[in-house]
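A structural walkthrough
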Amino acid sequence: MSAPHDMPSAAELVEAVREWLERDVLTGTQGRLQFHTRVAINVLSMVERELIVGPEQAAAHAARLAELGVADDAELAARIRNGEMDDQAEAVRAAVWASVRDKLAVANPKYLSAE
Amino acid sequence: MTELADALADALGASRVDHLTRLSGGASRETFRFEADGRPLILQRQRAGDVRDMGVEAAVVRAAHANGVPSAELVASSTEPSEIGSAYMVLSLVEGETIARKILRDEPFAHARSVLAGQFGTALARIHATDVSAVDGLQEQDQVAMYRATLDSFGHPHPAFELAFRWLDAHRPASTRRTLVHGDFRLGNVMVDQHGLAAVLDWELAHIGDPMEDLGWLCVKAWRFGSALPAGGVGTYEQLIAAYEEASGLTLDPDVVRWWEVLGTLKWGIMCIGQATAHTSGVARSHELAAIGRRVCENEHDLFLALEGRW
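Owing to the predicted nature of the structure, the values given are computational and were not obtained by experimental measurement. (Residues numbered from 1 in each chain as written. Chains lettered and ligands numbered in written order. Predicted model: local features only at pLDDT ≥ 70, side-chain atom pairs only at ≥ 80, totals over all residues. Heavy atoms only, no water.)

1. Digging into the packing of helix α7 (residues 159-170) of chain B against helix α12 (residues 296-307) of chain B
All names here are of chain B. Basically, it comes down to this: Orientation is described by axes fitted as lines to C-alpha atoms, over the contacting stretch for helices, and by angles from 0 to 180 degrees between their N-to-C directions. Working definition: helices are DSSP H or I runs of at least four residues, strands are E runs of at least two. Numbering for both runs from the N terminus. Working rule for angles: under 35 degrees goes down as roughly parallel, over 145 as roughly antiparallel, 65 to 115 as roughly perpendicular, anything else as oblique. Definitions for this section: a left-handed crossing has its near helix turned counterclockwise from the far helix by less than a right angle. A right-handed crossing has that turn clockwise. A contact between two residues is defined here by any heavy atoms of the two lying within 4.5 Å. For this classification, the nonpolar set comprises Ala, Val, Leu, Ile, Met, Phe, Trp, Tyr, Cys and Pro, the charged set comprises Asp, Glu, Lys and Arg, and every other residue, Gly included, is treated as polar.
Contact geometry of α7 with α12 gives a least axis separation of 10 Å together with a crossing angle of 40°. One way to sum up the angle between α7 and α12 is to call them oblique. Seen from above, α7 lies across α12 with left-handed handedness. Contacts between α7 and α12 involve Ala160, Phe161, Leu163, Ala164 and Trp167 from the former and Val296, Glu300, Leu303, Phe304 and Leu307 from the latter. Of the residues in the contact of α7 with α12, the class split is nine nonpolar, no polar and one charged.

Written as structure tokens, this is what we have:
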């Protein structure tokens, strides 16, 4: 899995800390500290999701960029700006939309489900 | 804190300063509440590294207040670091609530919610009618050029933002007026009590520009805070526009407001990168700021929804 490291996996370690924050810290704090604990829980949840689906998303993203004939987001952004992608505008929008949805699936899945 | 209280008493000529409490600390400034000889006041103090001129903001607050914009009264201000250690403003305390979640959900604000959209329209018309010819240093901003440059300065290109810039360039409305623009008018930056709008706060982004910028910004999805109502989370486009038209005597084009809403969505996305950069660069180390970096995609998502059928 992630040799040479032992179990638990990185995602499981983050999960363990998140669970501790939820179980012990959140209930023992209030005000600003409780709010910042909630933020920390959200951040760790995000990292857990990225550790799990990140590699698959990276491959899908690379495939979409290859389909459009660009190396990375920087090149795609520059070519959109220069008007060089105007002749395949539909395909560009579809690819960018797919990447945005992948980012949201990690950062804030609730945002997608609220559409 | 004692040092700050003493410096404040000196700066205000007060015999005593009590109950000095820090309310919040953002990337650019800190806000405190205190009493000077028994009078409740607010202190806004600039952080090191913030390049904005707080003196301009103070002059704008004074002009808007004089023109009848619901707002706090400017009690004292200085851009001299010698007074309390950094540039600051002291404002009268206006009681009420700023937290959007509470204003949108809690029972005591039920009446306020029913009148806020109209009050927002009226207040914006008054802001835009404020005479700022005497305010030195208030800058005219081309918001598209400014945020283009801001995005480029971060060095994190975003294809979704480039698509939005292309759309904005192709559909830019002819600007008809140049006025004072608040620059960040939304829940969170207004004080609300049970009667509705009590004070417009947070003038740090004020500038000269197209007044429709403020209306579009108010309708950006992030500023609805989960509400289904587009105008600041508290009303319809029609309510906001009707109140503005009545107060100003002008007729607005809803498509122009929508164009500014799209730009506003793009701006907030770029600002999210900026907030995360404040953390990564070390200006203000904070996991809260870091996490905002991952909200960029919410804005990319909203841009696609706003532009659906309009490309």
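Past the structure itself, the notes keep going.
2. Side note on a nonpolar patch on the surface
The condition is simple: A patch consists of residues whose relative accessible area exceeds 30% and which take part in no salt bridge; residues with like charges are grouped when within 9 Å of each other, and nonpolar side chains (Val, Leu, Ile, Met, Phe, Trp, Tyr) when within 5 Å. For every accessible area listed, the method is Shrake-Rupley and the probe measures 1.4 Å; residues are considered covered only by the protein chains on display. Salt bridges are identified by distance alone: a Lys or Arg side-chain nitrogen within 4 Å of an Asp or Glu carboxyl oxygen.
Among the surface-exposed residues, A:Val47, A:Leu51 and A:Ile52 lie close enough to one another that they form a single nonpolar patch of about 260 Å² accessible area. By the secondary structure assignment, A:Val47 is in helix α2 (residues 31-68).

3. Remarks on the nonpolar core
Residue and element names in this part refer to chain B. Put simply, the test is: What makes a nonpolar core is a set of buried Ala, Val, Leu, Ile, Met, Phe, Trp, Tyr and Cys residues whose side-chain atoms join them at distances within 4.5 Å. We call a residue buried when its accessible area falls under 20% of the maximum for its residue type, exposed when it is over 50%, and partly exposed in between, using a 1.4 Å probe and counting protein chains only. Note that the domain bounds reflect an automated or database-derived domain assignment.
Grouped together as the largest cluster of nonpolar side chains are 85 residues, with contacts concentrated most on Phe120, Phe185, Trp203 and Leu266. Per element, the largest residue contribution to this core is 13 residues, and it comes from helix α10 (residues 254-280). Two domains each provide a minimum of three residues to this core, namely domain 1 (2-92) and domain 2 (100-307). If we skip the residues at most four places from it in the chain, tryptophan 203 touches Glu57, Val60, Val61, Ala64, Val69, Ile127, Leu180 and His182.

4. Here's the deal with the side chain of B:Glu162
As a reminder of what qualifies: In protein, a polar contact means a hydrogen-donor-capable atom and an acceptor-capable atom, both N or O and within 3.5 Å, with residues adjacent in sequence counting only if both atoms are side-chain atoms; elsewhere, any N or O pair within 3.5 Å suffices.
By the element assignment, B:Glu162 lies in helix α7. Separated by 3.2 Å, the side chains of B:Glu162 and A:Arg81 make a polar contact. Residues within four places of B:Glu162 in sequence aside, it is in contact with A:Ala77, A:Ile80, A:Arg81, B:Arg148 and B:Leu151.

5. A short note on the interface of chain B and chain A
For the record, the criterion: The buried area of a pairing is the accessible area, by a 1.4 Å probe, that goes missing from both parts when the two are put together, added over both.
Each partner contributes to the interface: chain B provides 26 residues, whereas chain A provides 30 residues. With both sides pooled, the region where chain B packs onto chain A buries about 2,400 Å², and carbon together with sulfur makes up 65% of that total. For the chain B face of the interface with chain A, the top three residues by lost area are B:Arg166, B:Arg294 and B:His301, together amounting to 24%. Across the contact surface, chain B and chain A share five salt bridges. A:Glu50 is the salt-bridge partner of B:Arg294, the closest N and O atoms lying 2.8 Å from each other. Connecting chain B to chain A are nine residue pairs in polar contact (both at pLDDT 80 or more). Among the secondary structure elements, those contributing two or more residues to the side of chain B that touches chain A are β1 (17-25), α6 (143-154), α7, α11 (287-292) and α12 of chain B.

6. Digging into the domain arrangement of chain B
All names here are of chain B. You can read the domains of chain B as domain 1 (2-92) and domain 2 (100-307). Computed from C-alpha coordinates alone, the two centres of domain 1 and domain 2 are separated by 25 Å. Together domain 1 and domain 2 conceal approximately 1,600 Å² of surface at their shared face, both sides included; 68% is due to carbon and sulfur atoms. Our count for the domain 1 to domain 2 interface comes out at one salt bridge.

7. Looking at unusual backbone geometry
Residues and elements named next belong to chain A. For the bond from alanine 3 to proline 4, the omega torsion is 10°, close enough to zero to count as cis. One can find proline 4 in the segment before α1 (10-25). Of note, the amide linkage connecting methionine 7 to proline 8 takes the cis form, showing an omega dihedral of 0°. Looking at the element boundaries, proline 8 is found in the segment before α1.

8. Thoughts on the packing of helix α4 (residues 89-107) of chain A against α12(B)
Between two packed helices, what matters for the description is the angle formed by their axes and the separation of those axes. One way to put it is that α4(A) packs onto α12(B) with a least axis distance of 9 Å and a crossing angle of 140°. Between α4(A) and α12(B), the crossing angle belongs to the class labelled oblique. For the crossing formed where α4(A) meets α12(B), the hand is left-handed. Contact residues: A:Arg93, A:Val96, A:Trp97, A:Val100, A:Lys103, A:Leu104 and A:Ala107 in α4(A); B:Cys297, B:Glu298, B:Glu300, B:His301, B:Phe304 and B:Leu305 in α12(B).

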